Amino acid sequence: MIYFDHNASTPVRPEAAEAMRSALANLHANPSSSHREGQRARAAVERARAQVAALVEARPDEVVFTSGGTEGDHAGLMGAAWAAEARGRRVAISAIEHHAVHGAAEVLERLGYTATHLPVGREGLVDPAAIATLPADTTVVAVMLANNETGVIQPIAAVAAAASARGMRLVCDAVQAAGKIPIRRDDLGADYLVISGHKFGGPKGVGALIVRTGAPFEPLFRGSAHERGRRGGTENLPGIVALGVAAECAARELEAEQGRLLELRAQLEAGLRAALPGAVVHGARAPRLPNTVNVSIPGARSDHLLMALDARGVAVSAGAACASGAVESSPVLAAMGVSRELAVCALRLSMGRGTRADDVARVVAALAESAQAARNLAVPAPGAAR
Ligand code: PLP
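One structure accompanies this document, and this report is about it.

Criteria and cut-off values
- Residues numbered from 1 in each chain as written.
- Predicted model: local features only at pLDDT ≥ 70, side-chain atom pairs only at ≥ 80, totals over all residues.
- Heavy atoms only, no water.
- Axes fitted to C-alpha atoms, helices over the stretch in contact; angles between N-to-C directions.
- Helix = DSSP H or I, 4+ residues; strand = E, 2+ residues; numbered from the N terminus.
- Left-handed = near helix turned anticlockwise from the far one by under 90°.
- Contact = heavy atoms within 4.5 Å.
- Nonpolar A, V, L, I, M, F, W, Y, C, P; charged D, E, K, R; others polar.
- Pairing = 2+ DSSP bridges.
- Near = heavy atom within 4 Å.
- Polar contact = N/O pair within 3.5 Å; in protein donor to acceptor, adjacent residues only side chain to side chain.
- Areas by Shrake-Rupley, 256 points an atom, 1.4 Å probe, with all protein chains shown as cover.
- Phe/Tyr/Trp six-rings, centres within 6.5 Å; stacked < 30°, edge-to-face > 60°.
- Buried < 20%, exposed > 50% of the residue type's maximum accessible area, 1.4 Å probe, protein only.
- Lys NZ or Arg CZ within 6 Å of the ring centre and 35° of its normal.

### A word on the packing of helix α2 (residues 36–56) against helix α8 (residues 237–275)
Their axes nearest at 8 Å, the elements α2 and α8 cross at an angle of 35 degrees. The two elements α2 and α8 cross, and the hand of that crossing is left-handed. On α8, the residues touching Ala41, Ala44, Val45, Ala48, Gln51, Val52 and Leu55 of α2 are Leu237, Ile240, Val241, Leu243, Gly244, Val245, Ala247, Glu248, Ala250 and Ala251. A per-class count over the contact of α2 with α8 returns 14 nonpolar, two polar and one charged.

### A few points about the sheet that holds strand β7 (residues 192–196)
Read across the open sheet, the seven strands follow the order β2-β8-β7-β6-β5-β3-β4; overall the sheet is mixed. Looking at strand neighbours, the two that pair on one side only are β2 (63–66) and β4 (114–118), the edges of this open sheet. Going from strand to strand, the sheet's axes swing by 20 degrees on average, the running direction of each strand aside. Of the pairings in the sheet, the one linking strand β3 (residues 90–94) to β4 comprises five bridges and is parallel in character. Pairing of serine 94 across the sheet is with leucine 118, part of β4.

### A short note on the site of the ligand
What surrounds the ligand is a group of 13 residues, the closest being Gly69, Thr70, Asp173, Ser196 and Lys199. Threonine 70 is positioned such that a nitrogen or oxygen atom in its side chain is 2.6 Å from an oxygen atom of the ligand. At a separation of 2.6 Å, an oxygen atom of the ligand approaches a polar side-chain atom of serine 196. Summarising the interface, the protein chains cover 85% of the accessible area of the ligand, which totals 390 Å² for the free molecule.

### Here's the deal with the packing of aromatic side chains
By the definition in use, this model includes one aromatic pair. Both rings, one in tyrosine 192 and one in phenylalanine 217, keep their centres 6.4 Å apart while their planes meet at 40 degrees; by these two values the pair is tilted. Taken together, the positions of tyrosine 192 in strand β7 and phenylalanine 217 in the loop between β8 (207–211) and α7 (226–229) put the pair 25 residues apart, joining distant regions of the chain. Residue tyrosine 192 shares its accessibility class with phenylalanine 217, and that shared class is buried. Directly above the aromatic system of tyrosine 113 lies the positively charged group of arginine 89, at a separation of 4.7 Å from the ring centroid.

Printed below as a string of structure tokens:
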């Protein structure tokens, strides 16, 4: 199988898998225990905290371990909103946020908050000037660093500056960006940054919320003083240890990988243009992650394409959701003004550490064949029953 679905999840790095196995075998004590065994476990958690902090150039004591991106998005948005409740009960999120951020905003709405949506332009970019138009009782703004479907990278530093000028805090979901592009938290200016281990070679079910020193925060999980009172619950020690190792490896390889993937992306897009005239790459003119291409092949529905590619040994994601036979276009592409006709033909191709140039060539060839198969499926033969 050629795996072109790294934005969904990545293979665990051998170094991270070994660190996890070793932690499971050797570190059984509770990191909160005062005895020597407990202190060994604590030391392993703190080492991982420093490794994760280094990936985004933050301080180790700003790192709060979570169960992944979904929890980080909830804890960030809700924790920031609750902490600012005295000033207002309104949050603003971009229209292209991940379901996890939309979900957290919906919970807040059920609690009596109002959620405003920030639109994006045709290339999928939020306009930082839109922050100036938000109602004055907005306390928290959430804009992701890189979109999971298109890979489009948002102008976070400008958004953060505009939010800060109005006394609003910024939650930035960096789940797809971490480990793929360099992140300096202070350059971004985000008050709360979210990352998830399984998107950069760590295990699933572990991640981090990085809370800037001095940013107000109310914990989502209460009960004990874990994570300096910011997230109750005994730490997922094996996962955290593996997350730390994955973060360190990703940071070390980041520059070389970024350049290598950019070349592969150029090869992929050139191949698509040559083999499939009419194919449209979404967000093509915006800054994008080096590993992601979201493409629509007119006339070839994404659910049909996905099956045809799977049969040819290629794993990708559809850029459209299929609910009970009807294809729904992605809210991200809809927010970018992509027509429904084109959006239901969108595919997300996402490469990673294991991707090589000959994989790209094989995917282009498989896509050309699959597009023909998908078009044949979509167009009933003359006289066929409807
Ligand atoms: N945010 C973004 C941008 C994502 O792409 C994802 C996962 O696809 C998440 C959040 C959720 O992360 P997790 O799977 O760790 O809960």
